[in-house]
Amino acid sequence: MSDRRPQEAAAARIRIDVAHNARVWNYWLGGEDHYPVDRAVGDRVTGMYPGIGEVARADRAFLGRVVRHLAGDVGVDQFLDIGTGLPTADNTHEIAQHTAPHARVVYVDNDPIVLAHARVLLSGSLEGATEYVDADVHDPERILKAARHTLDLGRPVVVMMLGILNFVLDTEEARSIVRTLMAAVPSGSHLALTHPTLELGGEGNEAAMRFWNENATPPITARSRAEFASFLDGLELLEPGIVPCSRWRTNPREPEVAQFGAVGRKP
């Protein structure tokens with residue numbers, strides 16, 4: 001009975017009358033965990049900004065390339081994935097533990113529908129570890145405290161914040177969150193980021209974001225290249241630096257999407 005209570009509590013928090021980012025994103029990725037309101041808002045956003053589906057898919061592909069490179073080529077075997085969203089194919093732990101079966105992965109999210117799916121996320125390799133933390137990105141200290149139960153923060157960690165800082169509307173607060181997280185991990189750790197921008201998206205993207213903020217939750221903000229770069233201050237950028245996430249370590253002729261992507265290494 002005790003095993004069911006967290007899922008039942010999470011289910012009680014789920015609202016199906018307001019579109020939510022995790023479910024709409026799942027819809028754009030072709031998943032099945034969404035409600036009519038999510039599909040309606042998702043379709044309206046797509047009508048205003050037809051490239052949003054490509055953004056979602058490019059962000060997911062970026063995740064795969066980052067994890068394969070850092071787990072395989074670099075040899076980092078610990079991942080702190082903040083704002084993980086709903087499980088789909090090729091989740092962080094699946095890619096990391098396929099490359100390095102002993103890899104340890106901690107997922108962080110505060111969306112109740114993600115919590116209700118936590119057991120799906122928690123099926124990792126026998127050699128490694130996969131855990132889920134119900135916490136908010138605005139509380140990095142709580143995230144770190146919970147992550148220490150699974151991760152050894154004395155060894156390098158990949159901190160993954162894909163499409164999550166855009167929900168921290170105050171830029172200085174977002175910088176502070178990143179600084180707190182990266183201060184807690186040692187040299188050789190990495191920060192992987194993606195973030196929407198209007199600099200690559202045009203007017204349609206701006207109108208779509210405005211519609212989102214009026215009709216869905218949580219509210220979102222775009223940022224400039226300079227603002228995005230400020231989250232990576234003090235880190236060594238891996239090649240090719242700050243690029244549309246669709247073009248990070250892939251064919252440079254890939255279509256450009258309105259989503260910056262970059263990975264930095266803590267010296």
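Our subject is the structure listed above.
Values in this document were obtained by computation on a predicted structure and should not be read as measured data.

Looking at this structure, how should I read the pattern of salt bridges?
Oppositely charged side chains can pair when the atoms bearing their charge come close. With the rule as written, the count across this model stands at eight salt bridges. With its nearest N and O atoms 3.1 Å apart, the salt bridge here joins Arg155 to Asp77. Pair noted here: Arg155 is in the loop between α8 (140-147) and β5 (158-162) and Asp77 is in the loop between α4 (52-74) and β2 (78-82), with a separation of 78 residues, a long-range link. The shortest N-O distance in the salt bridge between Arg175 and Glu172 comes to 3.2 Å.

Quick question: what am I supposed to make of helix α10 (residues 202-215) here?
Note on helix geometry: an α-helix contains 3.6 residues per turn, so any two residues three or four positions apart are oriented the same way. An ideal rise of 1.5 Å per residue puts 20 Å on 14 residues; α10 measures up with 21 Å between its terminal C-alpha atoms. All buried positions along α10 are accounted for by Asn205, Ala208, Met209, Phe211 and Trp212. Along α10, the residues classed as buried sweep out an arc of 160° about the axis, all on the same side. Turned more than 90 degrees off the buried face of α10, the exposed positions are Glu203 and Glu214. Where α10 is buried, its residues touch β1 (19-20), α2 (21-28), α3 (36-48), β6 (190-196) and β7 (216-217).

For this particular structure, what's the right way to read the pairing of strand β3 (residues 104-109)?
Here is the key point about a regular strand: its side chains alternate between the two faces of the sheet. Of all six residues in β3, five are buried; the element is thus mostly enclosed. Sheet topology note: the β2/β3 ladder contains five bridges and is parallel. Within β3, the residue paired with Phe79 across the bridge is Val105. Following the backbone out of β2, through helix α5 (residues 92-99) and into the adjacent parallel β3, one traces a crossover that is right-handed. Examined bridge by bridge, β3 and strand β4 (residues 129-134) share six bridges and lie parallel to one another. By the bridge assignment, Val106 is partnered in β4 with Glu131.

Each value, and the rule that gives it
- Residues numbered from 1 in each chain as written.
- Predicted model: local features only at pLDDT ≥ 70, side-chain atom pairs only at ≥ 80, totals over all residues.
- Heavy atoms only, no water.
- Salt bridge = Lys/Arg side-chain N within 4 Å of Asp/Glu carboxyl O.
- Helix = DSSP H or I, 4+ residues; strand = E, 2+ residues; numbered from the N terminus.
- Expected span 1.5 Å × (residues − 1).
- Buried < 20%, exposed > 50% of the residue type's maximum accessible area, 1.4 Å probe, protein only.
- Arc of directions from axis to C-beta.
- Contact = heavy atoms within 4.5 Å.
- Pairing = 2+ DSSP bridges.
- Right-handed = clockwise from strand over helix to strand, strands pointing away.

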